[in-house]
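Fold and contact review
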Amino acid sequence: PAMQRTVEMRAALEADLRRALPRGQLQLHYQIQVDGEHRPLGAEALVRWNHPQRGMISPMQFIPIAEESSLILDIGNWVLDTACRQLALWGKQEQTRYMGLAVNVSAQQFRKRDFVETVTAIVREHGIDPARLKLELTESVVLSDVADVVAKMHALKAFGIKLSLDDFGTGYSSLSYLKQLPLDQIKIDQSFVRDIATDPSDAVMVQTIIDLAKNFRLEVVAEGVETKVQLDFLRKSGCMSYQGYLFGKPVP
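What you are looking at is a predicted structure, and each value in this text was computed from that prediction instead of being measured.

About the thresholds
Residues numbered from 1 in each chain as written. Predicted model: local features only at pLDDT ≥ 70, side-chain atom pairs only at ≥ 80, totals over all residues. Heavy atoms only, no water. Helix = DSSP H or I, 4+ residues; strand = E, 2+ residues; numbered from the N terminus. Rg over C-alpha atoms; globule rule 2.2 N^0.38 Å. Buried < 20%, exposed > 50% of the residue type's maximum accessible area, 1.4 Å probe, protein only. Contact = heavy atoms within 4.5 Å. Lys, Arg positive; Asp, Glu negative; His and termini not counted. Charge placed at Lys NZ, Arg CZ, Asp CG, Glu CD. Core = buried A, V, L, I, M, F, W, Y, C linked by side-chain atoms within 4.5 Å. Pairing = 2+ DSSP bridges. pLDDT = per-residue confidence, 0-100. Polar contact = N/O pair within 3.5 Å; in protein donor to acceptor, adjacent residues only side chain to side chain. Phe/Tyr/Trp six-rings, centres within 6.5 Å; stacked < 30°, edge-to-face > 60°. Salt bridge = Lys/Arg side-chain N within 4 Å of Asp/Glu carboxyl O.

Moving on: the overall build of the chain. When helices and strands are counted, the chain shows eleven helices and nine strands. Taken over the C-alpha trace, the chain has a radius of gyration of 18 Å; the compact-globule value for 252 residues is 18 Å, and the two agree within 12%. The dimensions of the chain, computed from C-alpha atoms along their principal axes, are 50 × 45 × 40 Å. Looking at the 252 residues of the chain, the share that counts as buried comes to 49%. A separation threshold of at least 6 residues defines the contact pool for the chain, and within that pool the share at least 24 residues apart is 65%. Seen as two clouds, the 29 positive and the 31 negative side-chain charges of the chain have centres 3 Å apart.

A few words on the nonpolar core. The biggest cluster of nonpolar side chains holds 74 residues, and the ones touching the most others in it are Leu17, Phe110, Leu133, Leu135, Leu156, Ile188 and Leu234. Among the elements that line this core, the one with the most residues is helix α3 (residues 71–90), at eleven residues. Discounting chain neighbours no more than four positions away, the residues touching leucine 133 are Leu80, Cys84, Leu87, Leu101, Val103, Val119, Val123, Ile161 and Lys162.

Here we take up the pairing of strand β4 (residues 100–105). Consecutive side chains of a regular strand alternate in pointing toward one face of the sheet and then the other. Most of β4 sits out of view: five of its six residues are buried. Of the strand pairs in this sheet, β4 and strand β5 (residues 133–137) are connected by five bridges, and their pairing is parallel. Residue pairing in the sheet places asparagine 104 in a bridge with glutamate 136 of β5.

Attention now moves to the confidence of the model for the chain. Counting all residues, the mean pLDDT for the chain is 91, and 98% of those residues have values of 70 or more. The weakest mean pLDDT in the chain belongs to helix α8 (residues 175–180) at 75; the strongest belongs to helix α5 (residues 115–126) at 97.

On to the side chain of serine 237. With respect to the helices and strands, serine 237 occurs in helix α11 (residues 228–237). Judged by relative accessible area, serine 237 falls into the buried class, the value being 6%. Side chain to side chain, serine 237 and glutamine 207 meet in a polar contact 3.0 Å long. Among residues more than four places away in sequence, those in contact with serine 237 are Gln207, Ile210 and Lys214.

Moving on to the packing of aromatic side chains. Within the structure shown, the criterion is met by four aromatic pairs. Where phenylalanine 110 meets phenylalanine 115, the ring centres are 5.1 Å apart and the plane angle is 45°; that geometry is what we call tilted. Of the residues examined, phenylalanine 110 reaches a relative accessible area of 2% and is grouped as buried.

For glycine 91, the location among the structural elements is in the loop between α3 and β4. Considered as a pair, glycine 91 and leucine 13 are 78 residues apart in the sequence and their alpha carbons are 37 Å apart. Those residues within four positions of glycine 91 in sequence are excluded, and the remaining contacts are Arg97 and Arg132.

Before going further, it helps to spend a moment on the environment of valine 206. Among the secondary structure elements, valine 206 is positioned in helix α10 (residues 200–215). Looking at valine 206, the relative accessible area reads 0%, which means it is buried. In this structure, the C-alpha to C-alpha distance between valine 206 and alanine 222, residues 16 residues apart in sequence, is 8.9 Å. Setting aside residues no more than four positions away along its own chain, valine 206 makes contact with Ile188, Phe192, Ile196, Phe233 and Leu234.

For the rest of this paragraph, the subject is unusual backbone geometry. The backbone phi angle of histidine 38 is positive, close to 65°, even though this residue is not glycine. Looking at where histidine 38 falls in the secondary structure, it is placed in the loop between β1 (26–35) and β2 (40–51). Its identity as a non-glycine residue notwithstanding, arginine 217 has a phi of 55°, on the positive side.

Oppositely charged side chains may form a pair once their charged atoms are brought near each other. All told, the structure shown has 13 salt bridges when counted by the stated rule. Glutamate 223 is paired through a salt bridge with lysine 187; the nearest N and O atoms lie 3.6 Å apart. Taken together, the residues glutamate 223 in the loop between β8 (219–222) and α11 and lysine 187 in strand β7 (residues 185–188) connect sequence positions 36 residues apart. The exposure class assigned to glutamate 223 is buried, which follows from its relative accessible area of 10%. Put simply, Glu44, Glu136, Lys187 and Glu223 are held in one network by salt bridges that share partners.

Locating cysteine 239 in the fold gives a position in the loop between α11 and β9 (241–243). In this structure cysteine 239 comes out as buried when scored by relative accessible area, which is 8%. Along the backbone, cysteine 239 and alanine 12 are 227 residues apart, and their C-alpha atoms lie at a distance of 43 Å. Contacts of cysteine 239, omitting those with residues within four sequence positions, involve Ile210, Val220, Val221, Ala222 and Leu234.

This is how it looks when you write it as structure tokens:
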């Protein structure tokens, strides 16, 4: 019975998710990213689902459902379009026109044959500087077909878009990725940042990732920074930029 309830709940959630996009229930929230002097560099776009009955539903609940169906493609295109529209609005204001925006891309999206053309068309449609858009890719994207991934990444880079490897160190991280992929940035996962002050293994891992990034001439951003102790450690280790509740929660 417990399994049956879980299956029924999941099926109901998927049915609701299919209606969420056309009914305007999805929203983008933005979490600020700052440099070592706490100056804003930009933000990461994070999708939220405001369900009419259930209220705000966590992406951890609905993104896996979307990824197991084809829904992630429509949601991913909507996120890209909405993020670029926001960049265009920021570009019209003196205080925000320099800010960049990081957008997460799923493996399914990236595998689409016309992914590069889709992204470049959206950027052109909104008339934004491509260098202000950063696509965050996870290792699951890279693992699928390295030759295809590298070709698409080079095409995106040639257009001017920046590329970041998200959650580095949590999956099958390989130094060969850093050699082959035309990345601009590595993102340190919050699971490492959380315990850097108390867990020597996490501290070594974070220091190693920062050193790797520097040696490969890549930017590095730490996510999930919540305390001054974490920030002080990251700063001493040479981290360049930061994201987390210490600087701001995701906001509409």
